[in-house]
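This is what each chain is made of:
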Amino acid sequence: MATPLPLQGIRVINFGWVWAGPVVGQTLGFLGAEVLKIESRARIDMTRNLPPFAEGIVDPNRSLSNHACWAGNGSVTLDLKQAEGRALALRLIAESDVVIENFGPGVIERLGFGYEALRAVKPDIILFSMPAAGLSGPLEHVRTYGLSLTSLTGLDSLVGYKGESPLPVENAFSDPFAGIFGAFAILAALNHRRNTGQGQHIEFSQQEAVMQMVGPAYMDYLFNQRSGAPKGNEHPTGAAVPHGVFPCRGDDRWISIAVDNDAMWQALVAAMGSPEWAGDAALATLAGRAAAVDRVHAQIGAWTRGFDDRELAATLQRAGVAAAPVLNIGDLLDDPHYKARDTFVEVQHPLGFKETIYGSYVKMSRCQAAVRPGPALGADNERALRGILKLPDDEIRRLEQSRIVY
Amino acid sequence: MTEALTPPRSGALAGLRVIDFGQGVSAPHCARLFADFGAEVIKVEPPQGDAARRSGPYPGDLPDDEKSGLFFFHNTDKLGVTCDASQPAGRALLLELVKRADALVENNLPAQMRQWGLSHDELAAVNPDLVTISITPFGQTGPYSEWLGSDLNAYHLTGASARYCGRPSEAPLEHGTFSADYFGSVAAAAWGLAAIYGRALVGGGQHVDVSCAEAIAAAFVGGQNIGLLAQDKRWDSRTGVGMPLGAPATILPCRDGHVWMLALEPGQWKGLCKVMGDPEWATLDIFDNMYSRAQNADVIYEFIREWTREHDKMDIMTKCQAAGCPVSAVFTIEEAVRHPHLHARNYFVDVEHPALGTLQCLGAPFRLPASPGGAKRGAPLLGQHNDAVWGGLLGKSRPELQRLREQRVI
């Protein structure tokens, strides 16, 4: 028998939608929890309608990006606009350990799933809410997209080319970051429940969580009243020079090089064939290189230009320099490292097609994470309604016909 | 767990003891998340200290190993000891601590851990219930696992920068912070805590192997791109614009900085137009919907920029938000910190530090009302708790400690 997973026996009801909320459920699912995402054809999640679709067939059960981001969540289709749908969800919650939601503040209460209502059916329930900026305060109801949420943390003010205006990150880095972080919050609450028997309502303000990422810049503000600004790929605290991305041979090929000590600098100089400019004694120390950072980076870029990125990275690694190719999306499936680690896996979907999603991106020595294909709408209705709630067949049929289960 | 060293700690993770055997950002940040919520975290530094101590920011830019902001931020609420693991006596000392711990978090090169005789198998031999959480740029296996690497190398190996950050044909960009280290540390905290939580179920401790690059390549980049690549052999690259397919959706300059301009859905666009005073150009057919606006991006961004340049970011944000349009100010660090919102939420906490005085720290990353977290004590001075840990917890006598000091083990 396979080793059980660490969260086996934990049941999670996930009202999370779009990206961050489903990733919370996915993370717990990888680790063995039974995760039932509640959704409905009455209001299909927009990400189910995003192309590309499996085999090009447009269908809310075939969106490839939706499947990769949601895989690990089960799906139970209940129309929460109908009282009976809400009642069924509450009955499922009564048999669960954790409830996840990422609606705006107040919505979960209006649906009848506020913490007090949940506690009435399951006294030690853990409710996890992940609003953009918290459940109170002047920005409680701030509207953001995952893309722009980071603007509230100061992080976006640090992204861009040196000396220029901030440049947008073109997708919501904070969604999966907050999603995985949220799983840690839930695990902490589960541990507290184990210690004390108490559940609780976790308030996970995405703004406050993502502010961890500006910690170093925040400390500079605290100490020196400086706010920070874009500086390209330079080291965030200036503790490594050179530290950048340099052009290589070919279209959009680059190499990253990060030199965080003086011995590594000497190794880089030797690997470059000890050019005259690099022999400048002032460059032997970090302070000297920092003072000449633009010149150092320009010289290195002129040198890297003629090389193949992968070959040069291997050469520099052999010389003792931290360097790696800069991958584009087209490289990901062929990269020998990700291949060796099974980062991306092709899975057979129950609806009859194959899809490539990401697998267990963390490896555990004693157990293998549960990797499942993306959930088809209602894929777990049977398990939830018959298995957990023990509803008889004719009752399930009635619920389906009246589109309460829909 | 065995007897706690510090006064009984409250918090969701009370009763857990975690060893932080890392340096820099990733492992220390992961261990600090455990400390934030009540675990007893013992930071084991080499005699010369965590490398982060030799990085700024420092107050007044004056380097001082006890005043590094990078070190402080990632090490609050930890006990600090020194131990030279490269010496047999140091290794033995660390293993004694491992016997009494629930988890060890580290971010050394795998070869380095083996050379010290501290691989997970060797740690598990003295404590089968130990969860070893390894957080490295590339992970414990695979062709790059022995590569030297940093946050920068890891981040750019994920596809994230080439896909999402920078202008086409110019250098792809990191986010101006340690994005890969933070992503990896958070993944490690979640998976690592699950491994601790589930020890009885799975039959003991285990090695949790986190590659910062892999976590981002999978959960950020892969989620959105890998299906298209695998099925259709197609893929996209960065554009330098927030969202190339819909408009407006990008960062634009305003009178006193920048705003994240977003007005995609019809109601949002109407709201923005209203705030701008319903200008005549906005009624042009080419601006009818988010897609047609994106096809005419050059024109529309020029029009909107003309307006934003005349207004202040907070003014734009407040009026647009009131009109149902999700525009936000691009806060500088100072603006994020000074905005009344976080103060109304009592986010910041004051923490004492022997060398830095009282500091206003960022608050707990999330709120557990039944078991509150967040920093309570400053980061440890180098070796500050040597006597308490090596003497008090492990029961080393004064002469033994003296000998260890003379051998420069501690």
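Note that the structure is a prediction, hence the values are computed from the model and not measured.

The rules behind these values
- Here, residues in each chain are numbered from 1, in the same order as that chain's written sequence.
- Think of it this way: whatever chain is written first is A, whatever ligand is written first is 1, and the rest follow in order.
- In keeping with the predicted nature of the model, local features appear solely for residues at pLDDT of at least 70, side-chain atom pairs appear and are counted solely at 80 or more, and the whole-chain, interface and lining totals rest on all residues.
- Only DSSP runs of H or I with at least four residues qualify as helices, and only runs of E with at least two residues qualify as strands; both kinds are numbered from the N terminus onward.
- Exposed residues have 12 or fewer other C-beta atoms within 10 Å of their own C-beta, buried residues have 20 or more, and residues in between are partly exposed; the C-beta atoms are placed from the backbone.
- For every residue pair, C-beta atoms are placed from the backbone, and the pair is scored as a contact if these atoms sit within 7 Å.
- Paired strands, in this sense, are two strands between which DSSP finds at least two bridges.
- Every axis in this analysis is a line fitted to C-alpha atoms, fitted for helices over the stretch in contact. Angles between the N-to-C directions lie between 0 and 180 degrees.
- Domain limits in this description derive from either an automatic procedure or a database domain assignment.
- Between the first and last residue of a helix there are one fewer steps than residues, each counted as 1.5 Å, and that sum is the expected span.
- A set of buried Ala, Val, Leu, Ile, Met, Phe, Trp, Tyr and Cys residues, joined to one another through C-beta atoms within 7 Å, is what we call a nonpolar core.
- Gly falls in the polar group here, along with every residue not listed as nonpolar (Ala, Val, Leu, Ile, Met, Phe, Trp, Tyr, Cys, Pro) or charged (Asp, Glu, Lys, Arg).
- Small angles under 35 degrees read as roughly parallel and large ones over 145 as roughly antiparallel, with 65 to 115 read as roughly perpendicular and the rest as oblique.
- Crossing handedness: left-handed means the near helix sits turned counterclockwise from the far one by under a right angle, and right-handed means the same turn made clockwise.
- Residue-level confidence of the predictor, termed pLDDT, takes values from 0 up to 100.

### Details of the overall build of chain B
Next, step 1: Scanning chain B from N- to C-terminus turns up 18 helices and 11 strands.
Next, step 2: Reported as C-alpha extents along the three principal axes, the dimensions of chain B are approximately 85 × 50 × 40 Å.
Next, step 3: Burial analysis of chain B (410 residues in total) assigns 58% to the buried set.

### Observations regarding the overall build of chain A
Next, step 1: Scanning chain A from terminus to terminus reveals 16 helices and 12 strands.
Next, step 2: Projected onto its principal axes, the C-alpha coordinates of chain A cover approximately 85 × 50 × 40 Å.
Next, step 3: Looking at chain A as a whole, 58% of its 406 residues qualify as buried.
Next, step 4: When contacts within chain A are restricted to residue pairs at least 6 apart in sequence, long-range pairs at least 24 apart make up 67% of them.

### Focus: the environment of A313(A)
Residues and elements named next belong to chain A.
Next, step 1: Residue position: A313 is located in helix α13 (residues 309-319).
Next, step 2: A residue is classified by how many C-beta atoms lie within 10 Å of it, and A313, with 25 of them, is buried.
Next, step 3: Residues A313 and A323, 10 residues apart in the sequence, show an inter-C-alpha distance of 5.2 Å.
Next, step 4: Once residues lying within four places of it in the same chain are set aside, the contact partners of A313 are I255, A323, A324 and P325.

### Let's talk about unusual backbone geometry
Next, step 1: Of the consecutive residues P51(A) and P52(A), the connecting peptide bond is found in the cis state with omega at 0°.
Next, step 2: The residue P52(A) is located in the loop between β2 (34-39) and α2 (64-70) in this model.
Next, step 3: For the peptide bond that leads from G56(B) to P57(B), omega is 0°, which places it in the cis range.
Next, step 4: Mapped onto the fold, P57(B) is located in the loop between β2 (40-45) and α2 (69-75).
Next, step 5: The phi angle at V18(A) is positive, at roughly 65°, despite the residue not being glycine.
Next, step 6: With respect to the secondary-structure elements, V18(A) resides in the loop between β1 (11-14) and α1 (20-30).

### Looking at helix α1 (residues 26-36) of chain B
Residues and elements named next belong to chain B.
Next, step 1: With 11 of its 11 residues buried, α1 lies for the most part within the structure.
Next, step 2: By the burial criterion, the buried members of α1 are S26, A27, P28, H29, C30, A31, R32, L33, F34, A35 and D36.
Next, step 3: Following α1 by one or two positions, G38 adopts a phi angle in the positive range, close to 105°.

### Examining the sheet that holds strand β7 (residues 243-247) of chain A
Residue and element names in this part refer to chain A.
Next, step 1: With respect to topology, 3 strands assemble into an open sheet ordered β7-β8-β9, the strand pairing being antiparallel. The open sheet terminates on both sides in strands that have one partner only, identified here as β7 and β9 (322-325). Strand-to-strand twist in this sheet, taken as the mean axis angle between neighbours without regard to direction, amounts to 20°.
Next, step 2: The sheet contact formed by strand β8 (residues 254-258) and β9 spans 4 bridges and is antiparallel. When the bridges of β9 are listed, A258 appears paired with A322.
Next, step 3: Lying over the sheet, helix α12 (residues 293-304) contacts β7 and β8, oriented at roughly 35° with respect to β7.

### Here we look at the domain arrangement of chain A
Next, step 1: The domain architecture assigned to chain A consists of domain 1 (11-204 + 339-401) and domain 2 (243-247 + 254-325).
Next, step 2: Here the C-alpha centroids of domain 1 of chain A and domain 2 of chain A sit 44 Å apart.

### Here's the deal with helix α7 (residues 174-196) of chain A
Residues and elements named next belong to chain A.
Next, step 1: With 23 residues, α7 should cover 33 Å at 1.5 Å per step; its first-to-last C-alpha distance of 32 Å lies within 8% of that length.
Next, step 2: For α7, a buried count of 20 out of 23 residues is recorded, marking the element as mostly surrounded by other parts of the structure.
Next, step 3: At the exit of α7 stands G197, carrying a positive phi of roughly 80°.

### Structural notes on the pairing of β7(A)
All names here are of chain A.
Next, step 1: Across the 5 residues that make up β7, a large majority, 5, are buried.
Next, step 2: Side-chain alternation along β7 places H243, V245 and P247 on one buried face and G244 and F246 on a second face that is also buried.
Next, step 3: Where β7 meets β8, 5 bridges bridge the pair, whose relative direction is antiparallel. By the bridge assignment, P247 is partnered in β8 with W254.

### Observations regarding the nonpolar core
Next, step 1: Counting 256 residues, the largest nonpolar core has F128(A), F184(A), I186(A), A190(B) and I216(B) as the members making the most contacts within it.
Next, step 2: With 14 residues, the single largest contributor to this core is helix α8 (residues 179-197) of chain B.

### Brief notes about the interface of chain A and chain B
Next, step 1: Contacts between chain A and chain B engage 129 residues on the former and 128 residues on the latter.
Next, step 2: Sorting elements by how many residues they give to the side of chain A that touches chain B places α7(A) first, with 14 residues.
Next, step 3: Here the side of chain A that touches chain B is composed, by residue class, of 75 nonpolar, 41 polar and 13 charged.
Next, step 4: In terms of strand pairing, strand β12 (residues 362-364) of chain A meets strand β6 (residues 207-211) of chain B through 3 bridges, oriented antiparallel. By the bridge assignment for β6(B), V362(A) is matched with V210(B).

### Overview of the packing of helix α10 (residues 262-271) of chain A against α13(A)
Two quantities define a packed helix pair, namely the angle between the axes and the distance from one axis to the other.
Residues and elements named next belong to chain A.
Next, step 1: Packing of α10 against α13 brings their axes to within 9 Å, and their N-to-C directions diverge by 130°. As the angle between them shows, α10 and α13 are arranged oblique. Pair α10 / α13 crosses with right-handed handedness. Counting all contacts with α10, which are made through A267, A270 and A271, the residues of α13 involved are T315, L316 and A319.
Next, step 2: Classifying every residue of the contact of α10 with α13 by side-chain character gives 5 nonpolar, 1 polar and no charged.

### Description of the sheet that holds strand β1 (residues 17-20) of chain B
Next, step 1: Strands sit in the order β12(A)-β6(B)-β5(B)-β4(B)-β1(B)-β2(B)-β3(B) across an open sheet of 7 strands; the sheet is mixed. A single partner strand is all that each edge strand has here, and the edge strands are β12 of chain A together with β3 (78-82) of chain B. For this sheet, the mean angle separating the axes of adjacent strands, direction not counted, is 20°.
Next, step 2: Pairing of β2(B) with β3(B), which is carried by 5 bridges, proceeds in the parallel orientation.

### Points about the confidence of the model for chain B
Do not read the fine detail of predicted coordinates wherever pLDDT is low.
Next, step 1: Chain-level statistics for chain B give a pLDDT mean of 96 and a share of 98% at 70 or above.
Next, step 2: With a pTM of 0.98, the predicted complex shows an ipTM of 0.98.

### Quick word on the packing of α1(A) against α7(A)
All names here are of chain A.
Next, step 1: Following both chains from N to C, one finds α1 and α7 inclined at 50°, their axes separated by 7 Å at the closest point. Taken together, the axes of α1 and α7 lie oblique to each other. In this structure, the crossing between α1 and α7 has a hand that is right-handed. Along the contact surface, α1 presents A20, V23, V24, T27 and L28, while α7 presents D175, P176, A178, G179, I180, G182, A183 and I186.
Next, step 2: Residues that form the contact of α1 with α7 fall into these classes: 9 nonpolar, 3 polar and 1 charged.

### Thoughts on the environment of L123(B)
Residue and element names in this part refer to chain B.
Next, step 1: For L123, the location among the structural elements is in helix α5 (residues 120-126).
Next, step 2: Taking the number of C-beta atoms within 10 Å as the measure of exposure, L123 has 26 and is therefore buried.
Next, step 3: Aside from chain neighbours lying at most four places away, what touches L123 is V98, L104, L118, L130 and T132.

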